[in-house]
Amino acid sequence: MILVGSGALLKRATTHARATGHRIDLVVTNDPADAPVGEVPHLVTTDVNADAAQLTARCTDGVVWSINNWMIFRAPVLDSGLRIYNIHNGLLPQHRGLPSAAVAYALLLGHTEYGATLHEVDAGVDTGRVLAEQPFPIAPDARYHQVLLRGIQACHQLFQRTLPAIAAGRPPEPPLPRTPHPGAYYGRRSLRELPSHAGHPAYPRATDLGVAAPFVPELVTALAE
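Rules and cut-offs
- Residues numbered from 1 in each chain as written.
- Predicted model: local features only at pLDDT ≥ 70, side-chain atom pairs only at ≥ 80, totals over all residues.
- Heavy atoms only, no water.
- Helix = DSSP H or I, 4+ residues; strand = E, 2+ residues; numbered from the N terminus.
- Expected span 1.5 Å × (residues − 1).
- Bend = angle between axes of the 7 residues up to and from the residue.
- Pairing = 2+ DSSP bridges.
- Axes fitted to C-alpha atoms, helices over the stretch in contact; angles between N-to-C directions.
- Contact = heavy atoms within 4.5 Å.
- Buried < 20%, exposed > 50% of the residue type's maximum accessible area, 1.4 Å probe, protein only.
- 1 Å grid on protein atoms, 1.4 Å probe; cavity = no way out; pocket = protein on both sides within 12 Å on 5 of 7 lines; lining within 4 Å.
- Points joined across faces, edges and corners; volume = space filled by probe spheres on them.
- Nonpolar A, V, L, I, M, F, W, Y, C, P; charged D, E, K, R; others polar.
- Phe/Tyr/Trp six-rings, centres within 6.5 Å; stacked < 30°, edge-to-face > 60°.

Caption draft 1: A look at helix α4 (residues 144-167). Over its 24 residues, α4 runs 34 Å from end to end, which matches the ideal 34 Å to within 8%, given 1.5 Å per residue. Its maximal kink placed at Arg161, α4 deviates by approximately 35°, while the proline Pro164 follows within four residues. Within two residues after α4, Gly169 carries a phi angle of roughly 80°, on the positive side.

And the structure:
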């Protein structure tokens, strides 16, 4: 399998996969600081699609994991026959896009649930078929940093829980239908517009970054403008 992503989540996933006996053919990241040490082969690139031939040649089981990954998969990777699975910080379809923005708007909109989602990767952004979820309730007094950090924890828990099935070629069955909030996408524009909600009663909670600030520099910038 190949792991594509960045940060602590990528490192934890790599460590867990190795510790549980799974073969890692390659770790791909856009930041040299996230390259694994030791015997794990790695590739540092800013365009995973430009390295599609290398991914296809090195992947022994046809499985690619996307974990805290900022690079969007496009052709030719999507046309290579590789099975690509993304661990998304947020519940889909209501928390598509940047987790840094989705958490803030989940609090502003009064969502009572957040979590992590495993989904197949297709040509859209967070639009592939949902295979598994790791939800948790949002407390009425929850603050931004609490929800974001618990979402990160849920991402790793979801990876641990679903890794055996994906590795065995038996992806989980999609979860039972529920009544989600309407689908929404939160991107750079949503971040820029966040200060316009300063009069909302939940705004102080939705922008209390606390210890999570280092994980969301794009939100720190948006709030400072």
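On we go from here.
Caption draft 2: Representation of the sheet that holds strand β3 (residues 42-44) in the model. Pairing is mixed in the open sheet, where seven strands are placed in the order β3-β2-β1-β4-β5-β7-β8. At either margin of the open sheet sits one strand with a lone partner, and together these are β3 and β8 (130-137). In this sheet, adjacent strand axes meet at a mean angle of 15° when their direction is disregarded. Relative to strand β2 (residues 26-29), strand β1 (residues 2-5) runs parallel, the two sharing four bridges. Pairing of Val4 across the sheet is with Val28, part of β2. Set on the sheet, helix α1 (residues 7-19) makes contact with β1, β2 and β4 (63-67); between it and β1 the angle comes to about 165°.

Caption draft 3: Main features of the environment of His16. Secondary-structure assignment places His16 in helix α1. Overall, His16 belongs to the buried group, its relative accessible area being 18%. Here the alpha-carbon distance between His16 and Asp126, two residues 110 residues apart in the chain, equals 24 Å. When sequence neighbours within four positions are dropped, the list of residues in contact with His16 reads His156, Phe159, Gln160 and Leu163.

Caption draft 4: Structural context of the layout of surface pockets. Space inside the largest pocket adds up to approximately 980 Å³. Around the largest pocket, the lining comprises 37 residues; the ones closest to its centre are Asn68, Asn69, Trp70, Leu98 and Pro99. Those elements that place two or more of their residues in the lining of the largest pocket are α1, β4, β5 (83-89), α3 (99-108) and α4. Counted as a void, the second largest pocket has a volume near 150 Å³. The dominant element in the lining of the second largest pocket, judged by the number of residues it contributes, is α1, at five residues. In terms of residue class, the lining of the second largest pocket is made up of six nonpolar, two polar and three charged.

Caption draft 5: Representation of the packing of aromatic side chains in the model. With the rule as written, the count across this model stands at four aromatic pairs. Consider the rings of Trp65 and Tyr85, whose centres lie 6.2 Å apart with planes at 45°: the pair is tilted. One end of the pair, Trp65, is in strand β4; the other, Tyr85, is in strand β5, and 20 residues separate them in sequence. In this structure, Trp65 and Tyr85 share a single accessibility class: buried. Ring geometry for Trp65 versus Phe159: centroids 4.8 Å apart, planes at 75°, classification edge-to-face. Taken together, the residues Trp65 in strand β4 and Phe159 in helix α4 connect sequence positions 94 residues apart. An aromatic cluster is defined as three or more aromatic residues linked by ring pairs; in this entry it consists of Trp65, Tyr85 and Phe159.

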